[in-house]
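# Structural features, examined
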Amino acid sequence: MYQKLVIVGNLGQDPEMRYMPDGQAVTNFSLACNRRWNDRATGEQQEEVTWYRVSVWGRQAEAANQYLSKGRQVLIEGRLRPDPATGGPRLWTRNDGSIGASFEVVADRVQFLGGNGNGANGANGHTNGAAEPAYEDDSIPF
């Protein structure tokens, strides 16, 4: 079986990093993905926001904690982690009594998008922990 999720969104808060007992870094942050469309019946613009809770591990976690901040746009490749109790998203009750859902994502790859807030892109936006392979044009099969 194979599962891959690709999402692009903006950080809802600054990342939070901690170290596991074995010394491995883990960084968590929330990511908002907006979808906008015009309602066919009314012609009004509609918006839907889906929130994801992202976990990044190892060297990527350290880079994400160092370079990401609230509002920064980022691309995440990873997998959904279901709630062990429900097998789906984690459900919770909001202050107003309505039910909310949180989608948990374990990131395999994090790519910074846009600038870093000071006019520079820094680190080419890649934090996958591996060096970019150098290919000659003749060696690419397509």
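Anyway, here's the lowdown on the structure attached to this text. Note that this is a predicted model, so its numbers are computed, not measured.

### Brief notes about the overall build of the protein chain
- A count of helical and extended segments in the protein chain gives one helix and seven strands.
- Tracing the protein chain from N to C terminus, the helices and strands come up as β-β-β-β-α-β-β-β.
- Counting across all 142 residues of the protein chain, residues that qualify as buried make up 30%.
- Residue pairs at least 24 apart in sequence account for 61% of intrachain contacts in the protein chain once pairs closer than 6 positions are excluded.
- Accessible surface for the protein chain amounts to roughly 9,700 Å². Of this, 48% is attributable to carbon and sulfur atoms.

### Considering the nonpolar core
- Of all hydrophobic cores here, the largest spans 19 residues; its most connected members are Val54 and Ile76.
- Elements that contribute at least two residues to this core include exactly β1 (5-11), β3 (25-38), β4 (45-57), α1 (58-67), β5 (73-81) and β7 (99-112).
- Leaving out residues up to four positions away in the same chain, Val54 has contacts with Thr27, Asn28, Phe29, Leu31, Ile76, Val105 and Ala107.

### Remarks on the pairing of β5
- Pairing of β1 with β5 involves six bridges; the strand directions are antiparallel. Across the sheet, residue Leu5 finds its bridge partner in β5, namely Gly78.
- Here β5 runs beside β7; their pairing, made up of eight bridges, is antiparallel. Directly across from Leu80, in β7, lies its bridge partner Val105.

### Comments concerning the side chain of Gln111
- Counting through the fold element by element, Gln111 comes out in strand β7.
- Among the polar contacts made by the side chain of Gln111, one reaches the side chain of Arg109 at a distance of 2.2 Å.

### Brief notes about the packing of aromatic side chains
- Summed over the entire model, instances satisfying the criterion amount to two aromatic pairs.
- Seen from their ring centres, Tyr52 and Phe103 are 5.9 Å apart, and the 45° between their planes marks the pair as tilted. You can see Tyr52 sitting in strand β4 and its partner Phe103 sitting in strand β7, a full 51 residues away along the chain.
- What makes Phe103 partly exposed here is its relative accessible area of 29%.
- Between Tyr67 and Phe112 the ring centres are 6.0 Å apart and the planes differ by 55°, which places this aromatic pair in the tilted class.

Cut-offs applied
Residues numbered from 1 in each chain as written. Predicted model: local features only at pLDDT ≥ 70, side-chain atom pairs only at ≥ 80, totals over all residues. Heavy atoms only, no water. Helix = DSSP H or I, 4+ residues; strand = E, 2+ residues; numbered from the N terminus. Buried < 20%, exposed > 50% of the residue type's maximum accessible area, 1.4 Å probe, protein only. Contact = heavy atoms within 4.5 Å. Areas by Shrake-Rupley, 256 points an atom, 1.4 Å probe, with all protein chains shown as cover. Core = buried A, V, L, I, M, F, W, Y, C linked by side-chain atoms within 4.5 Å. Pairing = 2+ DSSP bridges. Polar contact = N/O pair within 3.5 Å; in protein donor to acceptor, adjacent residues only side chain to side chain. Phe/Tyr/Trp six-rings, centres within 6.5 Å; stacked < 30°, edge-to-face > 60°.

Taken by themselves, the reported measurements are silent on function.
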